[in-house]
Amino acid sequence: MWFNSFPQRSVHDIQDAYDYVIIGNSSEARLVGGGTAGCVLASRLSEDPSVSVLVLERGGLKDGWISRIPLLSSHFASDGSRTRLWNTVPQKHVDGRVFEFAGGNSMGGASRVNAMLYTRGLPAEYNSWSLAGRKGWSYDEIQQYFIKSETDLDQDPNNADDYHGVSGPWRNRTHKESYWAHTAPIIRASESLGVPYVEDLNSPLHPPHGCAKMHFNIDGRGYRSSTLTAFLPRPLVNERKAHLHICTNSIVLRIEIKEDANDIRRAEGVYVQSLNGRSPTRLSHSFSAAFDAEVRDIPALVGRILITWCPRPIPSATARFSSQVASAPWTIIRELYLYILFGLGLLLAPVLEVSIFVQSRLFDSDFRLVAAHKDDKDASLPMNLPDIEVMPRRGRSRQVQGVGGLGCLAITLRPSSTGTIKLASSDPRAAPIIDPNYFSTEHDWVVMRQAIRFTLRLKAAIAAQGTQSEYIVPASADDADIDAFADGAPFGGVVDDTLRVHGVAGLRVADSSIFPTS
């Protein structure tokens, strides 16, 4: 199947007009065409053979065998060809540090290089948007689309839970057994702190806090299941090639917006150019599905509210935790053998097996989680949205050379700091100016202090399980020392409930930037 031709068109081979144009430069954080959401949209729109659909994608296809091996295809272990990196401006509230942002740079976008974590989020998140007035965005209304899109390989197709899908294109599953020796002690330590173990992270019935077993976008053959391979596989694109056109290695220069006789602004054309710099081509369309589109007429809104979280690593200074395999040449050979012949082994291994979600309001004085009331366990209530996540993971210490082991990322999930992402110039090839404005509010510092203190408490609980690890920690529990250690957009502003850009007919935005909260 890998050697079948994937039908692609150059800029000068596409039609002059399409019913739908999915536009984008996936490496520029401006317009994302064939990214994670774009592949889904292209697949759904092209189900109707009477509709013509064009996908414009800056990156290439880049769908070789290595890109499907779970461990080797992840950004940190790959050659970087499917990833685009940007640096933020120096962060004035975090000692002037510069952070690195990563995005997809091929068909399938970030789903080609991410950690393959498949999480829906809590029903409370969607219900909070619905309660804020967003029509059609409650969990009960959205759940049908999760079911339609997924095949949960953990489910019995003949007796599946009614909230899981078993016939959708996007595969996900858990690992039945742990790859890392530290997973079991982490689960037991979490439970000792009042944090329950959650077997099915994507069930709407589990509590809003827990030590959750991760689901991964890995199919039954052991391959990464990206939105490219799930929603736009080669056979499907070949079957629809008469009305579904994929144009890679192209950039969008601008969207043409005109006013009609009724003074209604409408997106009527797209100017696209190949990456080799040849003269631009103008396309006309009746509808443009755009992603992070540049709309200069509403500069007070577009790109002005960037909300993203900033994790704080708490690394280990020893290597007391180990995997089920050692790092040796014969081991690598064995793992290749296991993967190629049986679809087993370390090449399926996740970076993260479990993650811990908690609400800081439920901490007692000893950083145990106390859910005193029945409502505290209701995952549908917005008041129960977690504000802290702790990601335990293996890795090396940057502070102490030559050692590694178990480290943790302490994350504030609901920051109140807002930043910006702006155009650097009119050149579509120019990288944007990204300013997350991390820790610009006192609220974010308060929650990060709680996150670090809880993580240190978790470390003590893990040690109580009989597994010791020396961590790099703050000098003391005082706020000043923890701060020094940590120093190391309203929905609907641009779009309406159906993702239509305000004031511009024929233009929609469909990616994660439109969510009410990050």
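Residues numbered from 1 in each chain as written. Predicted model: local features only at pLDDT ≥ 70, side-chain atom pairs only at ≥ 80, totals over all residues. Heavy atoms only, no water.

Draft legend 1. Molecular detail of the overall build of the chain. In terms of helices and strands, the chain carries ten helices and 19 strands. The proportion of buried residues among the 518 residues of the chain is 52%. Total accessible area computed for the chain in this model is approximately 23,000 Å², and 53% of it derives from carbon and sulfur atoms. (Helix = DSSP H or I, 4+ residues; strand = E, 2+ residues; numbered from the N terminus. Buried < 20%, exposed > 50% of the residue type's maximum accessible area, 1.4 Å probe, protein only. Areas by Shrake-Rupley, 256 points an atom, 1.4 Å probe, with all protein chains shown as cover.)

Draft legend 2. Structural detail: helix H4 (residues 139-149). Buried within H4 we find Tyr139, Ile142, Gln143, Phe146 and Ser149. All buried residues of H4 lie within an arc of 130 degrees about the axis, which places them on one face of the element. Close packing links the buried residues of H4 with helix H1 (36-45), helix H3 (123-131), strand E5 (150-152), strand E6 (170-172) and helix H6 (227-231). (Arc of directions from axis to C-beta. Contact = heavy atoms within 4.5 Å.)

Draft legend 3. Molecular detail of unusual backbone geometry. Unusually for a residue other than glycine, Lys62 sits at a positive phi of about 50 degrees. Here Lys62 shows up in the loop between strand E2 (53-56) and helix H2 (70-73). A relative accessible area of 33% places Lys62 in the partly exposed class. If you check the backbone angles, Asp95 has positive phi at about 60 degrees while not being a glycine. By the secondary structure assignment, Asp95 is in the loop between strand E3 (83-87) and strand E4 (100-104).

Draft legend 4. Here's a closer look at the environment of Val53. Turning to its location among the elements, Val53 is positioned in strand E2. When its relative accessible area of 0% is taken as the criterion, Val53 is described as buried. C-alpha separation for the pair Val53 and Tyr20, spaced 33 residues apart in sequence, amounts to 4.8 Å. In this structure Val53 touches Tyr18, Tyr20, Ile22, Ala42, Leu45, Ser46, His243, Leu244 and His245, once residues within four positions along its chain are discounted.

Draft legend 5. How the structure looks around the packing of helix H9 (residues 442-463) against helix H10 (residues 479-487). Between H9 and H10, the shortest axis-to-axis distance is 10 Å and the interhelical angle comes to 90 degrees. When the axis of H9 is compared with that of H10, the two are roughly perpendicular. The residues of H10 that touch H9, namely those facing Trp445, Met448, Arg449, Ile452 and Arg453, are Asp479, Ile482, Asp483, Phe485 and Ala486. Broken down by class, the residue content of the contact of H9 with H10 amounts to six nonpolar, no polar and four charged. (Axes fitted to C-alpha atoms, helices over the stretch in contact; angles between N-to-C directions. Parallel < 35°, antiparallel > 145°, perpendicular 65-115°, else oblique. Nonpolar A, V, L, I, M, F, W, Y, C, P; charged D, E, K, R; others polar.)

Draft legend 6. Up close: the layout of surface pockets. By volume, the second largest pocket amounts to about 430 Å³. Taken together, 22 residues make up the lining of the second largest pocket; nearest its centre are His175, Glu177, Tyr179, Leu344 and Gly345. Looking at the lining of the second largest pocket residue by residue, the class counts come to seven nonpolar, eight polar and seven charged. (1 Å grid on protein atoms, 1.4 Å probe; cavity = no way out; pocket = protein on both sides within 12 Å on 5 of 7 lines; lining within 4 Å. Points joined across faces, edges and corners; volume = space filled by probe spheres on them.)

Draft legend 7. Layout of the pattern of salt bridges. As enumerated under the stated definition, the model contains 17 salt bridges in all. Ionic pairing is found between Lys213 and Glu199, a salt bridge with its closest N-O pair at 3.2 Å. Remark: Glu199 occurs in the loop between strand E7 (197-198) and strand E8 (210-213) and Lys213 occurs in strand E8; sequence separation between them is 14 residues. Take Glu199: its relative accessible area is 46%, and that puts it in the partly exposed class. (Salt bridge = Lys/Arg side-chain N within 4 Å of Asp/Glu carboxyl O.)

Draft legend 8. Molecular detail of the environment of Gln143. Relative to the helices and strands, Gln143 resides in helix H4. The class of Gln143 is buried, set by a relative accessible area of 17%. With 22 residues separating them in the primary sequence, Gln143 and Gly165 have C-alpha atoms 10.0 Å apart. Apart from residues lying up to four places away in sequence, Gln143 is in contact with Arg120, Tyr163 and Pro204.

Draft legend 9. A look at the packing of helix H5 (residues 183-192) against H9. Closest axis-to-axis distance for the H5/H9 pair is 8 Å, and the angle between their directions is 115 degrees. Accordingly, the angle class assigned to the pair H5 and H9 is roughly perpendicular. For the element pair H5 and H9, the recorded crossing hand is right-handed. From H5, Pro185, Ile186, Ala189, Ser190 and Ser192 reach across to H9, where they touch Leu458, Ala461 and Ile462. Of the residues belonging to the contact of H5 with H9, the class tally is six nonpolar, two polar and no charged. (Left-handed = near helix turned anticlockwise from the far one by under 90°.)

Draft legend 10. Expanded view of the nonpolar core. Ranked by size, the top nonpolar core spans 38 residues in total, and within it Ile356, Val358 and Phe454 carry the most contacts. Among the elements of the structure, H5, strand E14 (354-358), strand E15 (388-396), strand E16 (404-412), H9 and H10 are those that each provide at least two residues to this core. In terms of residue count, the dominant contributor to this core is H9 (nine residues). Here Val358 is in contact with Val195, His209, Phe363, Leu369, Pro386, Asp387, Ile388 and Phe454, once residues within four sequence places are set aside. (Core = buried A, V, L, I, M, F, W, Y, C linked by side-chain atoms within 4.5 Å.)

Draft legend 11. Seen up close, the confidence of the model for the chain. Scored by pLDDT, the chain has a mean of 82; 80% of the residues are at 70 or more. Confidence over residues 25-32 falls short of pLDDT 50; this stretch has 54 contacts with residues more than four positions distant or in other chains. Counting contacts from residues 286-301, a segment whose pLDDT is below 50, to residues more than four positions away or on other chains yields 59 contacts. (pLDDT = per-residue confidence, 0-100.)

Draft legend 12. Seen up close, the packing of aromatic side chains. Counting across every chain of the model gives eleven aromatic pairs. Arranged with centres 5.9 Å apart and planes meeting at 70 degrees, the rings of Trp129 and Trp137 form a pair that is edge-to-face. Residue classification places Trp137 among the buried positions, given a relative accessible area of 11%. Taken together, Tyr126, Trp129, Trp137, Tyr139 and Phe146 form an aromatic cluster joined through their ring pairs. (Phe/Tyr/Trp six-rings, centres within 6.5 Å; stacked < 30°, edge-to-face > 60°.)

Draft legend 13. A look at the side chain of Arg449. With respect to the secondary-structure elements, Arg449 resides in helix H9. Arg449 gets classed as buried once you look at its relative accessible area, which sits at 10%. Look past the residues within four positions of Arg449 in its chain and what remains in contact with it is Glu442, Asp479, Ile482 and Asp483.

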